[in-house]
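Fold and geometry: a report
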Amino acid sequence: MASVDFLFQHPILFAAVGVVTLTLAAALWRLWVRLVRSERERRRAAEELNRRLSELFSLQELSYVLSDSLELDRIVEQVVRYAVRFLDAQGALLALAGEAPIDVLRVAASEGTLAPLRGRVIPADDPGLVARSISREHLELVRNSGGEPMRLVSDVQAAAAAAVPLRAHGVVIGTLVIADPKEGVFVSEDLRLLSTLATHAAVVIANARFFEMVRRAKEQWETAFDALSEGIAVVDVEGRVRRSNRALAALLGAPLPSVIGTHLGEALLGKSHALMELLDAARRGEHPPALVARSERLGSTLRVNAARIPSATEEQSVVVLVEDVTDQQTMETQLIQSEKLAAVGQLVSGVAHELNNPLTSIAGLSEFLLEQKEISKKDRGHLKVIHEQAQRAGRIVGNLLTFARKEPAERSPVDLNDVIQRTLQLMEYDLKIKDVEVQRDLRPALPNVVGDRHSLQQVVLNLLTNAAQAVAENRPGLPRIITVSTWSDDLVHLRVADTGPGINDVVAQNVFTPFFTTKEPGKGTGLGLSITYTIVENHGGRITVERPSTGGAAFRVDLPPVPADASAPAPRIRPPAPPPTLPHARRTVLLVDEDQAVRRMVKALFGRDGHEVEVAHNPQHALELAQRGGFDLIIVDARAATRGGGKLFVEELVARLPALRDRTIVATGDVGVATEETLTRLGLRYVRKPFNLRDLRDEAARLWAATAVS
């Protein structure tokens, strides 16, 4: 009380105390306000920190989820699911763009109210927010301002939405759209989180798409790698296989896993220095030519190519391409052989035709003289030799013409087994005296083949003769066996194998070459197998030589069978009808042949029988004589042509004087398909040069008998 009274007694002091008190109160108030503001800021900072930490944890959680997989579909689903959860929105979608330029967007994932849009394709020119956001640089936020919802796509709307383009490495790969947040509006924190989520998602999605592209390319490469018919291998510096396709495993005859680690050179060619040199050259970056070599282990011819695989490491791997070119080489060999035969065939055809006329006169005149009774025994022996050698030369000419002929002379169904049996019967005595055993393995009911029976019999005869000569060279005590077998699948097959000494590489390469022979001079012409090759080829077939591992040699013939719709019994070979016996009568013969020796022989033959032979000097003279008439027989050289050589004389003769068709005989050195068709079309008889007297007499007798009846 005393102090109060004291203050009232001293008013100045009282005022000072009041001022101090008020100042202190104001300071306390300011301190309290500051404390309240600081607490608010602390709480706000704490809330912001918690929100940022929550965003960070959420993004970290999403990162863990996304890094757990590189599957694109799973990644986009997780992005959309977490976006809905982070932003507490009612719907979200993620649309991916196609290749640039962007034509369409495909909704890869969607949640909530936008779930029905999953898988939908949105055109790039769609007026909605989804398509529009692709062309934007930054996030776009839209909300309804006039009561009308915003269109996300042409037929889907939302009250509020945010869209952010997904950019990775400067390229837009899609867009992320969030629709209808729970509070109706997006706050700045939501937009910031959406941008961060989009940035992170874009990188992950881009990586996933790249991985998917690599995976797809890898699958395509592996599919192509295994689908190739050629063998492919990746080999290391030691030449061991690190990777292989199925074709190489099949070529090696081993399961694919067991090929890995195999030394490629030894597996293919054994101890081959050439293959190792090829691989070494490829490792040095060179481009060596392909290696073509015979693999005895695989029984085939291989072509090997190699190239270095670029690598950042020191290890230089090489990719090796292995092709089985056995069939290709066989075809190339056959093509070369065909070209050889065609070239030689043109030569021998001309030579054979030129030889036919002198052989005709030699054989005919020698036979004519042999029929004379007043010839001495010694001279008769000489004439027999001349006649026999002329016939032998004629057979050689026939072989040459068969070799040069491009088509079989006759096409009809032929029983190959029957041809073989008949040929073996013809050779039975010869094989018996040579102590050769023949083993038959002929399949019953073998399909007929299409061709010329006589030509196919010559094929069988040549092959059997060649085999018999081969086994005849065996030392005493060694077997002399010929095995003849037939079978069929899509083709009809004939195989003639022998137990002879076999053939070496040089002989195997030239065995079908004309005039190539291993026999001594005078014991072979070298035409047998080349003629066989030509006949088989002309029948649409193929002949190959084999060298069995057991020794000897084998020839295999593959021929096409008669088509199913054209199958018919093989025609039975009928011998020609014997010539009729005619009463003797003097007849007039017109001979059209420019060879003087042939004219001499024909005149001598028919002149001795009492006939008159008139010779035409040329085709024009022959036409004039024929038009005059009075000829019972006209003998014409098939090669005689009209003036200018544009038409055969026989064609002109039949065209002008058709009545003489039945009185004409054509003498020809070769009856190929074209010549035979012409003679058949004209209805003319023919004899082959070199002909003997009996053939010409018999054919003339048949003609005169036919004209007498008509």
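As a starting point, this report considers the structure included with it. Note that the structure is predicted; figures quoted are calculated from it, not measured.

The next point concerns the overall build of the protein chain. A count of helices and strands for the protein chain gives 20 helices and 25 strands. Burial analysis of the protein chain (710 residues in total) assigns 41% to the buried set. Pairs at least 24 residues apart make up 61% of the contacts formed inside the protein chain by residues separated by at least 6 positions. As displayed, the protein chain offers around 39,200 Å² of accessible surface, 54% of which is attributable to carbon and sulfur atoms.

What follows covers the sheet that holds strand S25 (residues 685–688). Read across the sheet, 5 strands follow the order S22-S21-S23-S24-S25 without closing on themselves; strand pairing throughout is parallel. Each edge of the open sheet is held by one strand with a lone partner, namely strand S22 (612–615) and S25. When strand polarity is set aside, the average angle formed by the axes of neighbouring strands in this sheet is 25°. Note that strand S21 (residues 588–592) and strand S23 (residues 633–637) share 4 bridges and pair parallel. When the sheet's bridge partners are listed, Leu-591 is paired in S23 with Ile-635. Across the sheet, helix H16 (residues 596–608) lies against S21, S22 and S23, angled at about 160° from S22, the strand it touches most. Sitting on the sheet, helix H18 (residues 649–656) is in contact with S21, S23 and strand S24 (664–668), with an inclination near 145° to S23.

This brings us to the pattern of salt bridges. Within the structure shown, the criterion is met by 30 salt bridges. The partner of Arg-246 in a salt bridge is Asp-226, and the shortest N-O contact between them spans 3.8 Å. Here the residue Arg-246 occupies a position in helix H6 (residues 246–252), and Asp-226 occupies one in helix H5 (residues 188–227), the gap between them amounting to 20 residues. Exposure remark for Asp-226: the relative accessible area of 28% places this residue in the partly exposed category. In this structure, the salt-bridge partner of Arg-283 is Asp-280, at a minimum N-O distance of 3.0 Å. Of the two residues, Arg-283 and Asp-280 are both situated in helix H9 (residues 273–283); the distance of 3 residues between them amounts to about one turn of the helix. For Arg-283, a relative accessible area of 11% gives the class buried.

Let us now look at helix H15 (residues 528–538). Where burial is concerned, most of H15 is hidden: 9 out of the 11 residues are buried. For H15, every residue scored as buried is listed here: Leu-529, Ser-530, Ile-531, Thr-532, Tyr-533, Thr-534, Ile-535, Val-536 and Asn-538. Just beyond H15, the residue with positive phi is Gly-540, at close to 75°.

Time to look at the packing of helix H3 (residues 72–87) against H5. The axes of two packed helices give the description: the angle between them and the distance between them. Where H3 meets H5, the axes come as close as 10 Å, and the angle between the chain directions of the two elements is 175°. On the basis of the axis angle, H3 is roughly antiparallel to H5. Touching Leu-72, Ile-75, Val-76, Val-79, Ala-83, Phe-86 and Leu-87 of H3 are Asp-190, Leu-193, Leu-194, Leu-197, Ala-201, Val-204, Ile-205, Ala-208 and Arg-209, all from H5. By residue class, the composition of the contact of H3 with H5 is 14 nonpolar, no polar and 2 charged.

Here the focus is the sheet that holds strand S12 (residues 300–308). In any sheet, the strands associate via hydrogen bonds between backbone groups, in a parallel or an antiparallel arrangement. Reading across from one edge, S10-S9-S13-S12-S11 is the order of the 5 strands in this open sheet, with antiparallel pairing throughout. Of all strands in the sheet, those with a lone pairing partner are strand S10 (241–244) and strand S11 (291–295), marking the two edges. Adjacent strand axes in the sheet meet at a mean angle of 30° when their direction is disregarded. When strand S9 (residues 231–235) meets strand S13 (residues 318–324), the two strands line up antiparallel, connected through 5 bridges. Residue pairing for S13: Ile-232 is matched across the bridge by Leu-321.

Okay, unusual backbone geometry next. In this model, Asp-180 sits at a positive phi of 55°, which is unusual for a non-glycine residue. Take Asp-180: it is sitting in strand S8 (residues 171–181). Notably, Ala-445 is not glycine yet its phi reads approximately 55°, a positive angle. Examined against the element boundaries, Ala-445 turns out to sit in the loop between strand S15 (437–442) and strand S16 (449–451).

Quick look at the side chain of Glu-652 now. Mapped onto the fold, Glu-652 is located in helix H18. Setting aside anything within four residues of it in sequence, one finds Glu-652 in contact with Leu-623, Thr-642 and Lys-647.

Below, the discussion takes up the pairing of S22. Sheet faces and side chains relate simply in a regular strand, where the side chains alternate between the two faces. Burial of the side chains of S22 is restricted to one face: Val-613 and Val-615 are buried, whereas none of Glu-612 and Glu-614 on the reverse face is. Here S21 pairs with S22 via 4 bridges, running parallel. Bridge assignment links Leu-590 to a residue of S22, and that residue is Glu-614. For the segment spanning S21, H16 and S22, crossover handedness is right-handed.

This paragraph deals with the pairing of S24. Burial analysis of S24 places 5 of its 5 residues in the buried class, which makes it a mostly covered element. Burial along S24 is two-sided: the residues Thr-664, Val-666 and Thr-668 and Ile-665 and Ala-667 are all buried. In this sheet, S24 lies alongside S23 in parallel orientation, the contact comprising 4 bridges. If you follow Asp-637 over to S24, its bridge partner there is Ala-667. Sheet topology note: the S24/S25 ladder contains 4 bridges and is parallel.

Next up on the list: the packing of aromatic side chains. Two measures describe an aromatic ring pair: the distance that separates the ring centres and the angle between the ring planes. Scanning the entire structure with this criterion turns up 3 aromatic pairs. Centre to centre, the rings of Trp-221 and Phe-225 are 4.8 Å apart; their planes meet at 20°, and the pair counts as stacked. Here Trp-221 and its partner Phe-225 are both found in helix H5, 4 residues apart, which amounts to about one turn of the helix. Under the relative-accessibility criterion, Trp-221 is labelled partly exposed at 44%. We classify Phe-225 as buried; its relative accessible area is 6%. Centroid distance Phe-606 to Trp-704: 6.4 Å. Interplanar angle 75°. Geometry classified as edge-to-face.

Looking now at helix H12 (residues 416–433). With 18 residues, H12 should cover 26 Å at 1.5 Å per step; its first-to-last C-alpha distance of 26 Å lies within 8% of that length. Roughly 55° is the biggest bend found in H12, and it falls at Met-427. Among the residues making up H12, those that are buried are Leu-416, Asn-417, Val-419, Ile-420, Thr-423, Leu-424, Met-427 and Leu-431. At its buried positions, H12 is contacted by strand S14 (412–414), S15, helix H13 (453–471), strand S17 (481–488) and strand S18 (492–498). The N-terminus of H12 is capped by Asp-415, whose side-chain oxygen sits 3.1 Å from the backbone nitrogen of Asn-417.

Moving on: the environment of Gly-500. Here Gly-500 lies in the loop between S18 and helix H14 (505–510). C-alpha separation for the pair Gly-500 and Val-471, spaced 29 residues apart in sequence, amounts to 4.2 Å. When near neighbours in sequence (up to four residues on either side) are disregarded, Gly-500 contacts Ala-470, Val-471, Asn-474 and Gly-552.

Counting through the fold element by element, Gln-372 comes out in the loop between helix H10 (326–370) and helix H11 (377–404). Beyond its immediate chain neighbours, meaning those up to four positions away, Gln-372 contacts Arg-380 and Arg-608.

The rules behind each value
- Residues numbered from 1 in each chain as written.
- Predicted model: local features only at pLDDT ≥ 70, side-chain atom pairs only at ≥ 80, totals over all residues.
- Heavy atoms only, no water.
- Helix = DSSP H or I, 4+ residues; strand = E, 2+ residues; numbered from the N terminus.
- Buried < 20%, exposed > 50% of the residue type's maximum accessible area, 1.4 Å probe, protein only.
- Contact = heavy atoms within 4.5 Å.
- Areas by Shrake-Rupley, 256 points an atom, 1.4 Å probe, with all protein chains shown as cover.
- Pairing = 2+ DSSP bridges.
- Axes fitted to C-alpha atoms, helices over the stretch in contact; angles between N-to-C directions.
- Salt bridge = Lys/Arg side-chain N within 4 Å of Asp/Glu carboxyl O.
- Parallel < 35°, antiparallel > 145°, perpendicular 65-115°, else oblique.
- Nonpolar A, V, L, I, M, F, W, Y, C, P; charged D, E, K, R; others polar.
- Right-handed = clockwise from strand over helix to strand, strands pointing away.
- Phe/Tyr/Trp six-rings, centres within 6.5 Å; stacked < 30°, edge-to-face > 60°.
- Expected span 1.5 Å × (residues − 1).
- Bend = angle between axes of the 7 residues up to and from the residue.
- Polar contact = N/O pair within 3.5 Å; in protein donor to acceptor, adjacent residues only side chain to side chain.

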